Amino acid sequence: MADYTELNQEQQAAVHHTDGPLLILAGAGSGKTRAITYRIAWLIEEMGISPYQIMAITFTNKAADEMRQRVDALVPFGGDQVWIATFHSTCVRILRRHIELLGYDRNFTIYDTDDQKSLIKECYKALQIDPKNIPERAAMNEISNAKNEFLTAEDYCRENQDDFRKSRIGEIYREYQKRLRANNALDFDDLLFRAVELFQFHPEILEQYQERFRYIMVDEYQDTNRIQFLFVRMIAGKYRNLCVVGDDDQSIYRFRGADIRNILDFEKVFSDAAVIKLEQNYRSTGNILNAANEVITNNRGRKAKRLWTENAEGQKIRYREFESEYDEAEGIARELKAMNARGIPYEDCAILYRTNAQSRVLEEKLLLYNIPYRIFGGVNFYQRKEVKDLLCYLKVIDNGRDDLAVRRIVNVPKRGIGMTSIERAAQYTQEQGGNLLDALFEAEQVPGLKRAEAKIRGFTDLILEFRARAAESSLSELFEDILEKTGYRKELEQEQTEEALARLGNLDELLNKIVDYEEHADEPDLSGLLEEIALVADIDNLEENRSCVVLMTLHSAKGLEFPHVFLSGMEEGLFPGMMSILAEDSSELEEERRLCYVGITRAQKTLHMSGARRRMVHGESRYSKASRFVEEIPEEYMEYGEQDDRPRARGYAAGSGGTLSGKVSSGKTGYFKKPYQSYAMPLNQAVSIDYAVGDRVKHIKFGQGTVTEIRPGGRDYEVTVDFEKVGVKKMFASFAKLKKM
DNA sequence: CTCCTTTGTCTTTTT
DNA sequence: GACAAAGGAG
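Note that this is a predicted model, so its numbers are computed, not measured.

The rules behind these values
Residues numbered from 1 in each chain as written. Chains lettered and ligands numbered in written order. Predicted model: local features only at pLDDT ≥ 70, side-chain atom pairs only at ≥ 80, totals over all residues. Heavy atoms only, no water. Helix = DSSP H or I, 4+ residues; strand = E, 2+ residues; numbered from the N terminus. Buried < 20%, exposed > 50% of the residue type's maximum accessible area, 1.4 Å probe, protein only. Contact = heavy atoms within 4.5 Å. Areas by Shrake-Rupley, 256 points an atom, 1.4 Å probe, with all protein chains shown as cover. Salt bridge = Lys/Arg side-chain N within 4 Å of Asp/Glu carboxyl O. Pairing = 2+ DSSP bridges. Axes fitted to C-alpha atoms, helices over the stretch in contact; angles between N-to-C directions. Polar contact = N/O pair within 3.5 Å; in protein donor to acceptor, adjacent residues only side chain to side chain. Parallel < 35°, antiparallel > 145°, perpendicular 65-115°, else oblique. Left-handed = near helix turned anticlockwise from the far one by under 90°. Nonpolar A, V, L, I, M, F, W, Y, C, P; charged D, E, K, R; others polar. Expected span 1.5 Å × (residues − 1). Phe/Tyr/Trp six-rings, centres within 6.5 Å; stacked < 30°, edge-to-face > 60°. Lys NZ or Arg CZ within 6 Å of the ring centre and 35° of its normal.

Draft legend 1. Geometry of the overall build of chain A. From N to C terminus, chain A includes 30 helices and 22 strands. Residues classed as buried in chain A amount to 56% of the 741 residues present. Long-range pairs, those at least 24 residues apart, make up 75% of the contacts in chain A between residues at least 6 apart in sequence. Looking at chain A as shown, the accessible area adds up to about 32,900 Å², and 48% of this sits on carbon and sulfur atoms.

Okay, here's the thing in structure tokens:
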């Protein structure tokens, strides 16, 4: 039973206000998630609401997972029945049931950004548009924005008739949608778009969901865009028990369509809305909070508020400036070592940065100093070539209409089916209708495919075989089957390079993920697996408990907190980024500032900021001065490094522009090229094993067995195990994740 | 049809 | 500097 007296007055007010629209303006660290979870508990325990009728929507999977955990901890019975999910997965679940009404198959595919780009390229080709005139990115952004505004291709064309460039983009949009539909695929934006469309055209279905979800909560409301707002407003339209929680100062996703008006105008749309402000911060020391307040006051477009805390002043904020990014990384690594020696565990520390690219150097130095770390984000595991290839096999087996996936794998591994053959089949598809895979199945009828027919047959036979297999075996067996029969595994094994080994490791990791899915899903099936993978940004928190420093971008740090935070790369031109400095409009700079505010307020006890005077960008040295955000913090809250690191004490950046960029000798130092790194085995984690020859061990897939040999090799161990079910297998300790029995 | 070299673009950030 | 896409040789 939840103890509501642990909450402060405002939090209690938020918990007790259950009916009607409610806006909670929750500053950083003000116990926002706590208020929501207690509110859920209150609804169930005190109001007798069925957990089945409560919905909580978040933006990221991380946030959803965390809320799930906290609700489960707080509500012993029925908590697991509360619908807690991201916008996107909520929509997918709805669409899986009803999308046939909109003319799609239920087993539609979800396209990620890479897929989108490939499809856009096809549109360019079909429409004979030169990407030099309109960069693909621009078109993609424009289309995405249109979708976020709930504009169809027709709407978009109509609105932009007079603008030549935009009407071209309109054509692309139209073609793009046509192809998505032909492929039975939806992109991320479509998930929201189609769900709203479904509700619009089928009010009877909307009503089902209105009846079901009588109490709705939306977290990080400041990051919602137009279509998400429409979605929420529709579902909450009948009972109007809508509680949104947000902080306009933490709105950092405007670039992807987040509409700050959603929070600023909430009271206009829901005129009877109650507003509760949470302004007491429980997270940070006085100094950190003051610094954050000082920085954010420089923004003009915001609701007035000032966070306060009863916490002690704490240590001052450390700022240190280094010669280069390597020095900076080394400085951070040394500091971490020193802190660790003082008894601060590594998992209490986080290094945050503006762009993913900055993580490389940091990684390198942490490696050098033997500091264990974990990186969030970056190159998505599921975007790796080998992983994507195998996923495309699964996609084709599941949804044969996905031409993009067919194209990708038809010649992987090499089967001697080249571009010309594929283009001929595509041509035939254009003329006859149907999909690429159909054309391949009818290769003998397709003009110009005679020579390749036998090879194509080899591919289509495989697909048939896999489909048969999919019908009778488990997903992991199917996966193994693909790996074997296509010769994919063999090809990598024969390569005998470290990179190929890492790729094999990643495929093992994918297999683990599949097994994991099979064990946890209610009714595991191929569509479900692919959906989960499409919507999960990454395999996060697979193993949380290891003591590691965490590295991530400021964006992914939102919603998290750490005792000790390092903000790296505090330089003009990097953070705030060049684009935002040069922009006419100050709003871009304000978004960067909010991002900085988010970064500062992640810290509980100490905050370290650092920057480099010289940094390699695009292969050339760039000089920059300290970030204006550092200078916006009054000196009284700051403490500078051993040399005089006061930002203003610097005379070298005399220019007015802030960033002097020139081709200064690139000063190539002997830094080693980072080897292709496997996700499954971060290189710095010395592999330790707790089993020996003769021990009984358990493997996630192969089951139980006995260790017969352990051979040290490189930075890993090659372990031979005799499994009861599958016989003798050799594997690398770091991939195999063997558990001693 | 495949492999290799060259060229160009990129740095925001996530589902 | 890193990676993908395009172009050219075998």
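Past the structure itself, the notes keep going.
Draft legend 2. Just the pattern of salt bridges, in detail. Inspection of the entire model under this criterion finds 60 salt bridges. A salt bridge links Arg-158 to Asp-155; the shortest N-O distance between them is 3.4 Å. Highlighted residues: Arg-158 and Asp-155, both in helix α7 (residues 153-159), separated by 3 residues, approximately one helical turn. The class of Arg-158 is exposed, set by a relative accessible area of 52%. A salt bridge links Glu-453 to Arg-457; its shortest N-O distance comes to 3.9 Å. Remark: Arg-457 and Glu-453 occur in helix α21 (residues 453-472); sequence separation between them is 4 residues, near one turn of the helix. Of the residues examined, Arg-457 reaches a relative accessible area of 25% and is grouped as partly exposed.

Draft legend 3. Spatial organisation of the side chain of Glu-590. Along the chain, Glu-590 falls in helix α28 (residues 587-600). Apart from the residues within four sequence positions on either side, Glu-590 is in contact with Asn-298, Asn-299, Arg-300 and Gly-301.

Draft legend 4. Quick peek at the sheet that holds strand β1 (residues 22-26). Pairing within the open sheet is parallel, and its 6 strands lie in the order β3-β2-β6-β7-β1-β8. Two strands lie at the open edges of the sheet, namely β3 (83-86) and β8 (274-278), each paired on one side alone. Here the average twist between neighbouring strands, direction ignored, is 15°. Where strand β6 (residues 215-218) and strand β7 (residues 242-246) come together, 3 bridges link them in parallel fashion.

Draft legend 5. Structural detail: the side chain of Asn-8. Locating Asn-8 in the fold gives a position in the segment before α1 (9-16). Polar contacts involving the side chain of Asn-8 include one to the main-chain amide nitrogen of Gln-11, which spans 2.8 Å. Sequence-distant contacts of Asn-8, that is, excluding residues within four places in its chain, are made with Gln-280 and Tyr-282.

Draft legend 6. Local environment of the packing of α21 against helix α22 (residues 475-485). The geometry of α21 relative to α22 is characterised by a closest axis approach of 10 Å and an angle of 160° between their N-to-C directions. As the angle between them shows, α21 and α22 are arranged roughly antiparallel. Like other packed secondary-structure pairs, α21 and α22 cross with a definite hand, here right-handed. Contacts between α21 and α22 involve Leu-462, Glu-465, Phe-466, Arg-469 and Ala-470 from the first element and Glu-477, Leu-478, Asp-481, Ile-482 and Lys-485 from the second. Residues belonging to the contact of α21 with α22 are distributed by class as follows: 5 nonpolar, no polar and 5 charged.

Draft legend 7. Geometry of the packing of helix α9 (residues 188-201) against helix α10 (residues 203-212). It is at 5 Å that the axes of α9 and α10 come closest, and there the two elements cross at 110°. By the angle between their directions, the pair α9 and α10 is classed as roughly perpendicular. On the side of α9, the interface is formed by Leu-198, Phe-199, Gln-200 and Phe-201, while α10 contributes Pro-203, Ile-205, Leu-206 and Tyr-209. Its residues placed into classes, the contact of α9 with α10 shows 7 nonpolar, 1 polar and no charged.

Draft legend 8. Expanded view of helix α17 (residues 385-398). Between the first and last C-alpha of α17 there are 20 Å, a value that for 14 residues agrees with the 20 Å anticipated at 1.5 Å per step. By the criterion of burial, α17 is predominantly enclosed, with 13 of the 14 residues buried.

Draft legend 9. Here's a closer look at the packing of aromatic side chains. The tally for this structure, following the rule as stated, stands at 15 aromatic pairs. With a centroid separation of 5.4 Å and 65° between ring planes, the pair formed by Phe-59 and Phe-87 is classed as edge-to-face. Residue Phe-59 is found in the loop between β2 (54-58) and α3 (61-74), and its partner Phe-87 is found in helix α4 (residues 87-98); the two are separated by 28 residues along the sequence. No difference in accessibility class separates Phe-59 from Phe-87, as the two residues are buried. For the pair Phe-150 and Phe-193, a centre-to-centre distance of 4.9 Å together with 50° between the ring planes defines the contact as tilted. With Phe-150 in the loop between α6 (136-148) and α7 and Phe-193 in helix α9, this residue pair connects regions lying 43 residues apart in the sequence. Considered together, Phe-150 and Phe-193 belong to a single accessibility category, that of buried residues. Three or more aromatic residues link up through ring pairs in this structure, and these residues are Phe-59, Phe-87, Phe-199, Tyr-209 and Phe-231. Stacked on the ring of Tyr-253, the Lys or Arg Arg-256 has its end atom at 4.3 Å from the ring centre.

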